[in-house]
Amino acid sequence: AAPQALAQRSRESAAVVVTDIRMAGMDGLELFARLRSLDPDLPVLLITGHGDVDMAVRALHDGAYDFIAKPFPADRLVQSVARATEKRQLVLENRRLREENLRLLHWQQVARNLEAENRAMRDMQRVATEPGLTFVTARVIADAGGAFVRSVLIAAGTRDGIAKGQPALVPDGLVGRVGETGE
């Protein structure tokens, strides 16, 4: 029974596991430990007729949802399963909302990046219409060409020169000398 429970478990399942501690093969405590390692939020209810207070305290401390000693009234188990199911549904809803929130944050960042690029492009278009300046894109491949282009752009008034493939505004008289360096 324990191997089947492990095989059928899913992080998205609204399942609650109810297991006896004494079972053939893998006992309930080992099953509980393996399930917790796979999904710490999965409610596991342990049932036993051979438990003691120390075992119950240890299991609850380790994250068991409930520890029920036999014999017990049927409504005790029903109530515990109902509470565990409600908790599991809240956990799954919380996970779904977190994932949705992460997707939303990602797309908000994409929108901010696009807006920043649009602002930068509008600023370049506005500046590019000033008399005496020409908009160029330099593709710097070789170090020698890169140093030349950067020095031309620094002389033209840019502070740090230009990075590979980045647009720049240079005085009209320098455009013929900047161009592109080899591919």
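Here, residues in each chain are numbered from 1, in the same order as that chain's written sequence. Where local features are concerned, this predicted model is filtered to residues with pLDDT of at least 70; where side-chain atom pairs are given and counted, the filter is 80 or more; whole-chain, interface and lining totals use all residues. Side-chain calculation: all heavy atoms of the structure are included, whereas hydrogens and water are not.

J.: How would you summarise the pairing of strand S2 (residues 44-48) if you had to cite specific residues and measurements?
T.: The buried count for S2 comes to 5 of 5 residues, which makes it a mostly enclosed element. For every residue, the accessible area (1.4 Å probe, protein chains only) is compared with the maximum for its type, and the residue is labelled buried under 20%, exposed over 50%, or partly exposed between those bounds. The way it works is that DSSP assigns letters per residue, a run of H or I at least four long becomes a helix, a run of E at least two long becomes a strand, and they are numbered from the N terminus. Alternating residues of S2 divide into Val44, Leu46 and Thr48 and Leu45 and Ile47, and every residue in both groups is buried. Handedness of a crossover is defined as follows: with both strands directed away from the viewer, a clockwise route from the first strand across the helix to the second makes it right-handed. The parallel pair strand S1 (residues 17-20) and S2 is bridged by helix H2 (residues 28-38), and the resulting crossover is right-handed. Judged from the 4 bridges that link them, S2 and strand S3 (residues 66-69) form a sheet pairing that is parallel. Bridge assignment links isoleucine 47 to a residue of S3, and that residue is isoleucine 68. Considered for its hand, the β-α-β crossover made up of S2, helix H3 (residues 53-61) and S3 is right-handed. Each pair of strands is called paired provided DSSP finds at least two bridges between the two strands.

J.: Please provide a residue-by-residue account of the side chain of threonine 48, values included.
T.: Tracing the backbone through its elements, the reader meets threonine 48 in strand S2. In this structure threonine 48 touches Asp20, Ile21, Phe67, Ile68, Ala69 and Lys70, once residues within four positions along its chain are discounted. By definition, residues are in contact when any of their heavy atoms lie within 4.5 Å.

J.: An account of the sheet that holds S2 is needed here, citing residue identities and associated values.
T.: One open sheet accounts for 3 strands, arranged S1-S2-S3; its pairing is parallel. Of all strands in the sheet, those with a lone pairing partner are S1 and S3, marking the two edges. Averaged over all pairs of adjacent strands, the angle between strand axes in this sheet comes to 20°, irrespective of strand direction. An axis is simply a line fitted to the C-alpha atoms; with a helix, the fit covers only the stretch in contact. Between two such axes, the angle follows the N-to-C directions and lies from 0 to 180 degrees. Packing of H3 onto the sheet brings it into contact with S2 and S3, and relative to S3 it is tilted by some 160°.

J.: So, the nonpolar core: which residues are in play, and what are the values?
T.: Core analysis: the biggest nonpolar cluster contains 16 residues, and Leu31, Leu35, Val44, Leu46 and Phe67 have the highest contact counts within it. The set of elements that each furnish at least two residues to this core consists of helix H1 (2-8), H2, S2 and H3. Those residues in contact with phenylalanine 67 that sit more than four places away from it in its chain are Ile21, Leu46, Thr48, Gly51, Met55, Ala56, Ala59, Leu60 and Arg76. What is meant by a nonpolar core is a set of buried Ala, Val, Leu, Ile, Met, Phe, Trp, Tyr and Cys residues, joined one to another through side-chain atoms within 4.5 Å.

J.: Before we move on, can you summarise H2 with the specific residues and values?
T.: Within H2 the residues assigned to the buried category are Gly28, Leu31, Phe32 and Leu35. Buried residues in H2, looked at end-on, bunch into an arc of 100°, giving them a common side. Where H2 is buried, its residues meet H1, S1, S2 and H3. Pairs of N or O atoms are called polar contacts if they sit within 3.5 Å, as long as, within protein, a hydrogen donor faces a hydrogen acceptor (for residues adjacent in sequence, only side-chain-to-side-chain pairs). The opening residue of H2 is aspartate 27, an N-cap whose side-chain oxygen sits 3.1 Å from the backbone nitrogen of leucine 29. The arc refers to the directions leading from the helix axis to the C-beta atoms.

J.: Just give me the short version of the confidence of the model for the protein, but keep the residues and values in it.
T.: Confidence along the protein averages 75 in pLDDT terms, with 66% of residues attaining 70 or more. Within the protein, the element-level pLDDT minimum falls on helix H6 (residues 175-178), averaging 42, and the maximum on S2, averaging 93. A score from 0 to 100, pLDDT tells how confident the predictor is in each residue.

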